[in-house]
Each structure stands twice: as structure tokens, then as C-alpha cells.
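Here's the letter readout for the chains.
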Amino acid sequence: MRIILSKSTEDAVDTVTTIVLDKLTSHPSLVLGLATGRTMEPVYEELVSKINKNSVKTDEAFFFMLDEYIGIDENHPSSFKSYIKKRLMLPLNLLESQFAFPPTNLAGEVYEELIKQIGGIDLQLLGIGVNGHIGFNEPGSSIHSRTRIVDLTDETKNANQSHFGQEKMPNKALSMGIASIMDGKELLMLVTGKSKANTVKYLLNHHDDESCPATFLKSHPHFTLVLDPEAASKISLNI
Ligand code: GLP
């Protein structure tokens, strides 16, 4: 596991987008796994700007979404499909056929098969929930889990309710599993803000702990964790 401590949130976002840009430049047919959430919003904004500025080719790239809510229309403004359409697909003029979305009306095996057929995910972007969830792999998720329907915890629903305003948050989602994420050739996690400081502390001090699913990622051979100063404020690293 590689940890990158950044001087600021902007610096952390710059690190993540530079890694993605470099990969895309050297490997135009990159298969990129995409995460959602507030943390990733500045990442997509900056990635779009860097791709345009450097005229990086994106027409051969392919994108897999990590998860999606069940029970709302895919065009709902708070669906993860709408999130990525607005932030990446439309600004970069990418085709919808360059994206795979978790098939919420089908079994997760269909998605797993698609990932396999395309040769696997080269680089998986990840955020983390305050409770240590990755994708929507909530505490208690097994290291062997694959793409499947999951129940969202009250904590996650409270954290994401604001995206739905007065409307009730979905209770379920289809999420790539821990094992599906671990199959990615490289994992890149960004954590920002003081609300995640305790989560980061727990993550760094525990291993293979189902109560914090992100701890499983630490045994991945190419896992990079990028932290801003607030997210790193409760850890001490002896360098
Ligand atoms: C979401 C997503 C995760 C994301 C996490 C944190 O709901 N399913 O992929 O990493 O929760 O979100 P945020 O960045 O808004 O804190």
C-alpha cells in the first residue's frame, strides 16, 4: 500500500487526476473504474479540464461504474448514471457505449462477466464512506463478495439523503463486491475532509476487518491512498 499525504485538498485532487491522465496518455484503451460521491466531484472536474488541455484521446477508453441505486429510474438526477453523465460523459463527448452501468434489473453475474470479457479493470477509482464502505460494500461485506444487491445502512442513507432532498433515499443498491474491486489491476482511493479522519485512522490500524471493508484493500499489491491534510489529521506516520 502506498500512502500519499498531500499539502491541500487541491493537491490531493491534482495527484489523483495526474495519475489517471498519465495512464490514459500511455494507454488510450484504459479500462477505468469510476466512483461517485462528493469527494470525486473535483476529480472529474479537473480530469475533464486536463484531458481537454492536453488533447488526450478518450475514444478508446472504457468505463465501469462501481455501483448504482436500485428503485430509482436511471435518469433520476441523483442516480449515479446521471452523476457521471453530467461530470464526465457529456463534458468529454464520450459515447454511452463506452460506459457499463451496474444492471440493476439483472443479476450481478452479468456485470462480472462483462468486466471479465473486457479484460478487467486497469485502474479503479475509489472513495470511502464514513463507516469504511467502498462502493456500497457496507460493514459486514465479505472479502469474497461479487457484484450483488446490497442493503444500505442507516448511516449511509443519512450521509446520502441530501442528494434526494425531500424524497426518500433508496434502501438498496447494486454494487461491485470486494472481490470484484480487488480484481482491479490498480486501486486509487482519495479521502478528503475531517469527517473521514477517524475512518482513515481505523483503516490504517486494522487489517482484513469486515467492520471496515476498505481494510481488505490493503492486501492489494497496487493500492494507493491519497489523503488531504484533514483526512490525515488523526494519523501519525513515522517517516
Ligand atoms: C457513496 C458511494 C461510494 C463513495 C462514498 C463516499 O455513496 N457509493 O463510492 O465513495 O459513498 O461518498 P462521499 O465522497 O460523498 O463522502
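Before reading on, note that the structure itself is shown above.
Treat the numbers as computed from the prediction; the structure is a model and nothing was measured.

Colleague: Account for the overall build of the protein, with residues named and values stated.
Modeller: When helices and strands are tallied, the protein shows 7 helices and 10 strands. Computed over C-alpha atoms, the radius of gyration of the protein comes to 17 Å, within 12% of the 18 Å expected from 2.2 N^0.38 for 239 residues, which places it in the range of a compact globule. Each of the three principal axes of the protein carries a C-alpha extent, and together these read 45 × 40 × 35 Å. Sorting the 239 residues of the protein into buried and exposed places 55% on the buried side. Long-range pairs, those at least 24 residues apart, make up 78% of the contacts in the protein between residues at least 6 apart in sequence. Entry remark: accessible area of the protein is about 11,000 Å², with carbon and sulfur atoms responsible for 51%.

Colleague: Go over the site of the ligand with me, naming the residues and quoting the values.
Modeller: In the region of the ligand, 13 residues are neighbours, and Arg38, Thr39, Asp67, Asn160 and Lys196 sit closest. Separating a nitrogen atom of the ligand from a side-chain N or O atom of Asp67 is a distance of 2.8 Å. Here Asn160 contributes a side-chain N or O atom positioned 2.8 Å from an oxygen atom of the ligand. In isolation the ligand offers 390 Å² of accessible surface; the protein chains occlude 93% of this area.

Colleague: Which residues make up the packing of helix α2 (residues 41-53) against helix α3 (residues 80-89), and what values do they have?
Modeller: Packing of α2 against α3 brings their axes to within 9 Å, and their N-to-C directions diverge by 30°. With respect to each other, α2 and α3 are oriented roughly parallel. Contact residues: Glu41, Tyr44, Leu47 and Val48 in α2; Tyr83, Ile84, Arg87 and Leu88 in α3. Counted by class, the contact of α2 with α3 contains 6 nonpolar, no polar and 2 charged residues.

Rules and cut-offs
Residues numbered from 1 in each chain as written. Predicted model: local features only at pLDDT ≥ 70, side-chain atom pairs only at ≥ 80, totals over all residues. Heavy atoms only, no water. Helix = DSSP H or I, 4+ residues; strand = E, 2+ residues; numbered from the N terminus. Rg over C-alpha atoms; globule rule 2.2 N^0.38 Å. Buried < 20%, exposed > 50% of the residue type's maximum accessible area, 1.4 Å probe, protein only. Contact = heavy atoms within 4.5 Å. Areas by Shrake-Rupley, 256 points an atom, 1.4 Å probe, with all protein chains shown as cover. Near = heavy atom within 4 Å. Polar contact = N/O pair within 3.5 Å; in protein donor to acceptor, adjacent residues only side chain to side chain. Axes fitted to C-alpha atoms, helices over the stretch in contact; angles between N-to-C directions. Parallel < 35°, antiparallel > 145°, perpendicular 65-115°, else oblique. Nonpolar A, V, L, I, M, F, W, Y, C, P; charged D, E, K, R; others polar.

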